[in-house]
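Inside the fold
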Amino acid sequence: MATVLVLNSSASGADSVSRQLVQATVSRLRHQNPGVHVVERDLDADPIPHLNIETTTAVRTGLAETAAQRDALALSNALVEELKAADTIVIGAPMYNFGIPSTLKSWFDYVLRPGIAFRYSEAGPEGLFKGKRAVVVESRGGLYSSGPAQVMDSQEPHLRTMLGFAGITDVTFVRAEKLGFGPEAREEAIRNANAELALVA
Ligand SMILES: Cc1cc2nc3c(=O)[nH]c(=O)nc-3n(C[C@H](O)[C@H](O)[C@H](O)COP(=O)(O)O)c2cc1C
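Fair warning: this is a prediction, and the values are worked out from it, not measured in the lab. (Residues numbered from 1 in each chain as written. Predicted model: local features only at pLDDT ≥ 70, side-chain atom pairs only at ≥ 80, totals over all residues. Heavy atoms only, no water.)

**As for the pairing of strand S4 (residues 118-121)**
Strand residues, when the strand is regular, have side chains that alternate between the two faces of the sheet. Judged from the four bridges that link them, S4 and strand S5 (residues 124-127) form a sheet pairing that is antiparallel. Across the sheet, residue Tyr120 finds its bridge partner in S5, namely Pro125. Hairpin connection, S4 to S5: the antiparallel pair is bridged by two residues. (Pairing = 2+ DSSP bridges. Helix = DSSP H or I, 4+ residues; strand = E, 2+ residues; numbered from the N terminus.)

**Quick look at the packing of helix H1 (residues 17-32) against helix H6 (residues 183-200)**
At a closest axis distance of 10 Å, the pairing of H1 and H6 adopts a crossing angle of 25°. Looking at the two axes, H1 sits roughly parallel to H6. Pair H1 / H6 crosses with right-handed handedness. Contacts between H1 and H6 involve Val17, Leu21, Ala24, Thr25 and Arg28 from the first element and Arg186, Ile190, Ala193, Asn194, Leu197 and Ala198 from the second. Counted by class, the contact of H1 with H6 contains seven nonpolar, two polar and two charged residues. (Axes fitted to C-alpha atoms, helices over the stretch in contact; angles between N-to-C directions. Parallel < 35°, antiparallel > 145°, perpendicular 65-115°, else oblique. Left-handed = near helix turned anticlockwise from the far one by under 90°. Contact = heavy atoms within 4.5 Å. Nonpolar A, V, L, I, M, F, W, Y, C, P; charged D, E, K, R; others polar.)

**Some words on the site of the ligand**
As a structural note, the neighbourhood of the ligand is formed by 16 residues, with Ser10, Ser16, Ser18, Ser139 and Gly142 the closest of them. Met95 is positioned such that a nitrogen or oxygen atom in its backbone is 2.8 Å from an oxygen atom of the ligand. Within the side chain of Ser139, one N or O atom sits 2.7 Å away from an oxygen atom of the ligand. For the shell around the ligand, the class distribution of residues is seven nonpolar, eight polar and one charged. (Near = heavy atom within 4 Å. Polar contact = N/O pair within 3.5 Å; in protein donor to acceptor, adjacent residues only side chain to side chain.)

**Focus on the packing of helix H4 (residues 102-111) against helix H5 (residues 156-165)**
Two elements in contact, H4 and H5, have axes whose closest approach is 11 Å; the angle formed by their N-to-C orientations is 20°. Judged by the inter-axis angle, H4 sits roughly parallel to H5. Two packed elements cross with a definite hand, and for H4 against H5 that hand is left-handed. Facing Leu104, Lys105 and Phe108 of H4, the residues of H5 in contact are His158, Leu159, Met162 and Leu163. In terms of residue class, the contact of H4 with H5 is made up of five nonpolar, one polar and one charged.

**Overview of the pairing of strand S6 (residues 133-139)**
S6 sits mainly inside the fold: six of its seven residues count as buried. Direction of pairing for strand S3 (residues 88-94) relative to S6: parallel, over a ladder of seven bridges. Residue pairing across strands places Ala93 opposite Glu138, the latter belonging to S6. Pairing analysis gives seven bridges linking S6 to strand S7 (residues 170-176), with the strands arranged parallel. Of the residues in S7, the one forming a bridge with Ser139 is Ala176. Taking the sense of rotation as the criterion, the β-α-β connection linking S6, H5 and S7 turns out right-handed. (Buried < 20%, exposed > 50% of the residue type's maximum accessible area, 1.4 Å probe, protein only. Right-handed = clockwise from strand over helix to strand, strands pointing away.)

**Here we look at H4**
By the criterion of burial, H4 is predominantly enclosed, with seven of the 10 residues buried. Regarding H4, the residues found buried are Thr103, Leu104, Ser106, Trp107, Phe108, Tyr110 and Val111. Packed against the buried residues of H4 are strand S1 (3-8), helix H2 (56-61), helix H3 (67-85), S3 and H5.

**Brief notes about the side chain of Gln155**
Its place among the elements puts Gln155 in the loop between S6 and H5. Accessibility expressed as a relative area gives 0% for Gln155, which makes it buried. Side-chain polar atoms of Gln155 contact the backbone oxygen of Pro94, separated by 3.5 Å. Once residues within four sequence positions are removed from consideration, Gln155 is found in contact with Ala93, Pro94, Met95, Phe98, Gly99, Ile100, Glu138, Ser139 and Arg140.

**Some points on the pattern of salt bridges**
Per the counting criterion, the structure on display carries 13 salt bridges. Notably, a salt bridge pairs Arg140 with Glu138, separated by 3.3 Å at the nearest N-O pair. Accessibility assignment for this pair places Arg140 and Glu138 in one class, buried. The partner of Arg160 in a salt bridge is Glu156, with the nearest N and O atoms 3.1 Å apart. Of the two residues, Arg160 and Glu156 are both situated in helix H5; the distance of four residues between them amounts to about one turn of the helix. Arg160 gets classed as partly exposed once you look at its relative accessible area, which sits at 45%. Through salt bridges with shared partners, a single ionic network connects Glu138, Arg140, Asp153, Glu156, Arg160, Arg175 and Glu177. (Salt bridge = Lys/Arg side-chain N within 4 Å of Asp/Glu carboxyl O.)

Dropping the structure here:
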């Protein structure tokens, strides 16, 4: 059975463009494949705690002594298992201050573990979550895919690098841009992103 892991990270609830686009994509996937198993992680409603002095080493090494370390490791293991089980990952990633929301970054901090998501060899780093496909919905107030603000985009290159480092190289980015440029630009951006996502799904 195909499994889809859905990550939402917008802090804007029902008003969120990325959530709406992710939802439309998941509905299409369900329609095409009624047997699909969908696992949803709402990183806003159910945030992954930041790594801290007590939990960092436990998550990175898999060795836990205190209750906080055991909890962090159990959560990390659960997130890793969810990702391992998924054939497709759909990520809703708003642009926050030119990058991704810290809630989504925390998810990566708990999942990109040495020896599990990647390993180093003489040939350099190797991603271990191969054979998966990712669809990333990026919502942005401004325009970053072309023009002078292109160099300010720390969202898409960061996501591409983190996914690629874990071996997930089949990634489609769909951008809803210029959402802050007025109602017409906003509607057009959402319409275009939806059309692109319909082709992807
Ligand atoms: C905390 C915060 C920071 C933001 N920073 C940026 C930014 O750096 N560049 C940008 O183009 N839009 C920025 N925006 C606008 C959002 O990218 C835009 O509202 C987008 O629709 C958010 O995605 P969502 O609708 O899925 O929540 C920011 C919004 C918030 C709430």
